[in-house]
Amino acid sequence: MRLLSALLSFGLLLLGVGAVATILIFDHYSRDLPDYSYLKDYQPPILSRIYADDGRMMATIAAEQRIFVPVKAIPKRVIDAFLAAEDQDFYQHNGVDYTGILRAVFVNLENLGRDRRPMGASTITQQVAKNMLLTNEVSVARKVREAILATRLEKVLTKDRILEIYLNEIFLGNRSYGVAAAALNYFNKSLDELTLAEAAYLAALPKAPNSYNPVRDHDAAVARRNWVLERMEINGRITSDEMKAAQQEPLEIRSRDDAETISADYYSEEVRRQLVEQFGEDEVLEGGLAVKTSLDPKLQAIATKALRDGLINFDRRERGWRGPVAHLASMSDWQKVLKKIAMPAGGEEWSLAVVLGLKDTEAQIALADGRHGRIPWSEMSWARRELAGDQFGPAIHKASDVLSVGDVAMVEPVKAGEDGKAYPENTYTLRQVPVVQGAIVVLDPHTGRIYAMNGGFSAKISQFNRATQALRQPGSAFKPFVYMAALDKGFTPSSLILDAPFEYFQGPGLPLWHPENYSQEFYGPTPLRVGVEKSRNVMTVRLANAIGMPTIVSYAKKFGIADDMPELLSFALGAKETTPLRLTTAYGMIVNGGRRITPSLIDRVQDRNGKTIWRADKRDCNGCTDAGWAPEMLPPDIPDTREQVEDPRTTYQMVSILEGVVQRGTAVKLKDVGVPLAGKTGTTNESKDAWFVGFTPDLVCGVFAGFDDPKPLGSHETGASVAVPIFKEFITQAIKGKPAVPFRVPPGLRMVRINVENGALASMGDKNAIWESFIPGTEPQEGQARPILDGSVTGSASESAAAAMSSGGNTPSQSNEEAAPSSEPVPVTPRSGKAEPAPVAASPATVGTGGLY
């Protein structure tokens, strides 16, 4: 009896000591625990999404790919799967499952030597405590602190709230944080679309997501999923028949279809930059913003293809063949080797192929997937070898001059040749990534909404966006703004400007500047309209000298082309650098009647709760939110708040002149498109930059091409040969199926038939007659003498005219009423009605380079 009493006393003593030790341990580890009160209102970081105008996803921006879903919106089968796999007694314990700990101990002892995965005992609450408040350190101290925090969390948070945090925070592999993101990334489904087997697979991932990849570790992934289904059946969450049916379901991942997403890398990156600048990086990465852009997927796809095709065609025409991607020394195991060769950046839309055999007229090729095909001579006849220093190798005459057996090259399927003749099936064309770069911008001239933008051949090569970041000389694409300034100063489209040689004194010790036309000829007195249509440099410089460079600089600023510009004559020829986006926006203000627009990529930004926190259109719309509506009600009257920066009559005159560029001028290649089009080419000195900005009444598109390290494109390459074909491919597809719309004529203009070549009133039956727009009172009058603007800088106009004649320049035919060239500059009457002073020679300065064509 004494022994029993002693043992009992000793046992009580040990129990007391254990209790005291436990209290002391918990007291020790309870010190300096992290604050968990913020979890009451915790909002997990979630990804921001960028959408196209039609609602399709363009891109996501996130530090962690997470989509938050309230626990009440998570389907029961998903919750049941995770509880069965991670914490079957979640709704019964107080944060630490002591029964589960004992069960895990016995199960793990029973499974010793069976090569089975040890059973864990951490509850979901403990996992939340570890993931949200502690580190992943493997130690007894961390487990004790985890247990303490778990019991405290259960006192301040509901079970549902703890489960909500867990299911939205847990990392499930494949860049997925939370069950909603995992459902999309693995199966391209929302949570309510998941099958029982798919829900069980997601629940199998928390312990080791990288060990159960459905592709790399397929068998292990299926086994783990089936184990979860067994646990669900044991716990009574599903029936035995449901378990067996789900276990038979194949485990297959499904990526998002191309039709469900939009690829626009340059556009998306520019949106990201603007969001970070406006809202800050943390809010963009973690704030769950929903960003609706103005991107039109159809126009974006057309613009991207047009730019790529144009750069490829130029590369073939001017640069030559730079050789294969690789060469296989042995063909014994070519397919296996070919699969390991990386596709060069920029070639992601093509395939790699190895040359298996050669004939004079074709190369036999095979792709890594086993398909065989051919490259006919017509698809490689361009591939003369490119050498260093812009030199070319010997002429090529057969396929073996280009390729060798074992060469690995990029190819693309092709259905027909340049002559339109159809090719046999499995015909390919030889491809290489062009070294020339470019940009294309498409926007709405009335709102500034950017429908499409591509800043280069491929963002995989460089994310530098040439549409918004590249500062390049626009060349002659700037000329319309010089001529608009002249129209505002009292000139008319039929005003005569002398196209004849002159010299410009740049300053002591500097050579005289002799501006020349692209043709290196001079044409005598020429209508202002023709100066734009034919892109005459000498006329432009004379006109700039007459109205003054300060005026031209002011036009460059008010149209947003440049924030600052030297007042030098050469800058009238487009020597001041600008971006394709800024120049395209400026042309939009021409076609919209002179209203200021601000280019915008983003229409609206919403926060994680769906509240609009920013929108591009800030106009008030009274009546837009009225609940009631009847057919007889008028639509809400939305005010036009755009600033009027230019006289709409002047802008229409320029639109009409730029239509002439398409009908008779440097962009005549567009004439057969068959709808009202207008625009202007641009080429800089030595053909380093090629431009075309064109428009319809409701769409404006700017195209630029050039090397990133500026150098000549080619001796005969111009905006007309490089940029216009890109624009033509784009606009032809963009307007397909749409009715032709004429350019809108504002009130206050008088239409007069004139001879387009000399600007005089047209006679009956004149084949060169067009309808020209004039401010009333400025139109040519029968029998009225017409002055000629000389604007000489050095030398007299009569001397210049004589030089023009002797140099072989052509003078347009003149009516009997036209005056002979005068030796004195002629004052013109501006629209204000005040006399304009005679031009003054520009002050000496160094003149930069400008446009040619």
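What you are looking at is a predicted structure, and each value in this text was computed from that prediction instead of being measured.

When helices and strands are counted, the protein chain shows 22 helices and 23 strands. Relative to its full complement of 853 residues, the protein chain shows a buried share of 51%. The long-range fraction of contacts in the protein chain, counting pairs at least 24 apart against all pairs at least 6 apart in sequence, stands at 70%. For the protein chain, the computed accessible surface area is about 39,300 Å², with 53% contributed by carbon and sulfur atoms.

What follows is about a negative patch on the surface. Residues E281, D282, E283 and E286 make up a contiguous surface patch of negative charge. In this structure, D282 sits in helix α12 (residues 281-286). Overall, the relative accessible area of 58% leaves D282 in the exposed class.

To continue, consider the packing of aromatic side chains. Evaluated as defined, the whole model comprises 17 aromatic pairs. A centroid spacing of 6.3 Å and a plane angle of 45° characterise the contact between Y186 and F187, whose relative ring orientation is tilted. By relative accessible area, Y186 is classed as buried at 4%. Ring geometry for Y555 against F559: centres 6.4 Å apart, planes inclined by 25°, an arrangement best described as stacked. The two residues Y555 and F559 agree in class, both being buried. A network of ring pairs unites the aromatic residues F478, F481, Y555, F559, Y587, F695 and F743 as a single cluster. Just above the ring of F457 sits the side chain of R308; from NZ or CZ to the centre is 4.0 Å.

Time to look at the confidence of the model for the protein chain. Here the protein chain averages 85 in pLDDT, while 84% of its residues score no lower than 70. Taken together, the stretch residues 793-830 has pLDDT below 50 and engages in 81 contacts with residues farther than four places along the chain or on a different chain. With pLDDT under 50 throughout, residues 832-853 is counted as low confidence; its partners more than four residues away or in other chains account for 64 contacts.

Running from amino to carboxyl end, helix α15 (residues 479-488) crosses helix α19 (residues 580-591) at an angle of 35°, the nearest separation of the two axes being 11 Å. For α15 against α19, the interelement crossing comes out left-handed. Of the residues in α19, those in contact with P480, F481 and M484 of α15 are L583, A586, Y587 and I590. Across the contact of α15 with α19, the residue classes break down as 7 nonpolar, no polar and no charged.

The 5 strands lie next to each other as β2-β1-β3-β16-β17, forming an open sheet whose pairing is mixed. The sheet is open, and its two borders are formed by β2 (57-61) and β17 (612-615), each paired with just one other strand. Here the strands of the sheet are splayed against their neighbours by 15° on average, with no regard to which way each runs. Across 4 bridges, the pairing between strand β3 (residues 290-293) and strand β16 (residues 602-606) is antiparallel. Pairing of T293 across the sheet is with I602, part of β16.

Moving on to the pairing of strand β1 (residues 48-51). Of the two faces of β1, only the one carrying S48 and I50 is buried; R49 and Y51 on the other face are not. Sheet topology places β1 next to β2; 4 bridges connect them, and they run antiparallel. When the bridges of β2 are listed, S48 appears paired with I61. Linkage of β1 to β2, two consecutive antiparallel strands, is achieved through a turn of 5 residues, within which G55 is found at a positive phi near 95°. Bridge count for β1 against β3 is 3 bridges, and the pairing is parallel.

It is worth spelling out the nonpolar core at this point. Side chains that are nonpolar tend, in soluble globular proteins, to be buried together. Counting 132 residues, the largest nonpolar core has V442, F481, Y587 and F730 as the members making the most contacts within it. Leaving out residues up to four positions away in the same chain, F481 has contacts with Y555, F559, I561, L583, A586, Y587 and I590. V71, L83, Y186 and V228 belong to the second-largest nonpolar core, a separate cluster that totals 56 residues.

If you trace the 3 strands from one edge of the open sheet to the other, you get β15-β14-β23, paired in mixed fashion. A strand with exactly one partner marks an edge of an open sheet, and here the two such strands are β15 (524-527) and β23 (788-789).

Below, the discussion takes up the pairing of strand β14 (residues 496-499). By the alternation rule, side chains of β14 split into L496 and L498 and I497 and D499, which are all buried. Sheet topology note: the β14/β15 ladder contains 4 bridges and is antiparallel. Bridging across to β15, D499 finds its partner in G524. Here β14 pairs with β23 via 2 bridges, running parallel. Bridge assignment links L496 to a residue of β23, and that residue is I788.

To continue, consider the environment of M331. As for its position among the elements, M331 is in the loop between β4 (326-327) and α14 (334-340). M331 sits in the partly exposed class, given a relative accessible area of 28%. Distance from M331 to V354, taken between C-alpha atoms, is 9.3 Å for residues 23 residues apart in sequence. Apart from the residues lying within four places of it in its own chain, the contact partners of M331 are V354, V355, L356 and G406.

According to the stated counting rule, one finds 46 salt bridges in the structure shown. For E772, the salt bridge identified is with R529, shortest N-O distance 2.6 Å. Taken together, the residues E772 in strand β22 (residues 769-774) and R529 in helix α16 (residues 528-533) connect sequence positions 243 residues apart. Like E772, the residue R529 is buried in the burial classification. Taking the shortest distance from any N to any O, the salt bridge between D698 and R744 comes out at 2.9 Å. Residue D698 is found in the loop between β19 (690-696) and β20 (699-706), and its partner R744 is found in the loop between α21 (719-734) and β21 (750-755); the two are separated by 46 residues along the sequence. Residue D698 is classed as partly exposed on the basis of its relative accessible area of 32%. In this structure, a network of salt bridges that share partners links the residues D53, K292, R449 and D603.

Assignment of secondary structure puts S495 in the loop between α15 and β14. Judged by its relative accessible area of 17%, S495 falls in the buried class. Among the polar contacts made by the side chain of S495, one reaches the main-chain amide nitrogen of T492 at a distance of 2.8 Å. Setting aside residues no more than four positions away along its own chain, S495 makes contact with T526, P527 and L528.

Turning next to the packing of helix α13 (residues 297-318) against α21. Across the interface, α13 lies against α21 with an axial gap of 9 Å and an inter-helix angle of 150°. Classified by the angle between their axes, α13 and α21 sit roughly antiparallel to one another. Along this stretch, α13 crosses α21, giving a crossing that reads as right-handed. Between α13, through K298, L299, I302, A303, K305, A306, L307, D309, G310, F314 and R317, and α21, the contact on the second element is made entirely by S721, V722, I726, E729, F730, Q733 and A734. When its residues are assigned to classes, the contact of α13 with α21 shows 10 nonpolar, 3 polar and 5 charged.

Quick notes on the rules
Residues numbered from 1 in each chain as written. Predicted model: local features only at pLDDT ≥ 70, side-chain atom pairs only at ≥ 80, totals over all residues. Heavy atoms only, no water. Helix = DSSP H or I, 4+ residues; strand = E, 2+ residues; numbered from the N terminus. Buried < 20%, exposed > 50% of the residue type's maximum accessible area, 1.4 Å probe, protein only. Contact = heavy atoms within 4.5 Å. Areas by Shrake-Rupley, 256 points an atom, 1.4 Å probe, with all protein chains shown as cover. Patch = residues over 30% accessible without salt bridge, like charges linked within 9 Å, V, L, I, M, F, W, Y side chains within 5 Å. Salt bridge = Lys/Arg side-chain N within 4 Å of Asp/Glu carboxyl O. Lys, Arg positive; Asp, Glu negative; His and termini not counted. Charge placed at Lys NZ, Arg CZ, Asp CG, Glu CD. Phe/Tyr/Trp six-rings, centres within 6.5 Å; stacked < 30°, edge-to-face > 60°. Lys NZ or Arg CZ within 6 Å of the ring centre and 35° of its normal. pLDDT = per-residue confidence, 0-100. Axes fitted to C-alpha atoms, helices over the stretch in contact; angles between N-to-C directions. Left-handed = near helix turned anticlockwise from the far one by under 90°. Nonpolar A, V, L, I, M, F, W, Y, C, P; charged D, E, K, R; others polar. Pairing = 2+ DSSP bridges. Core = buried A, V, L, I, M, F, W, Y, C linked by side-chain atoms within 4.5 Å. Polar contact = N/O pair within 3.5 Å; in protein donor to acceptor, adjacent residues only side chain to side chain. Parallel < 35°, antiparallel > 145°, perpendicular 65-115°, else oblique.

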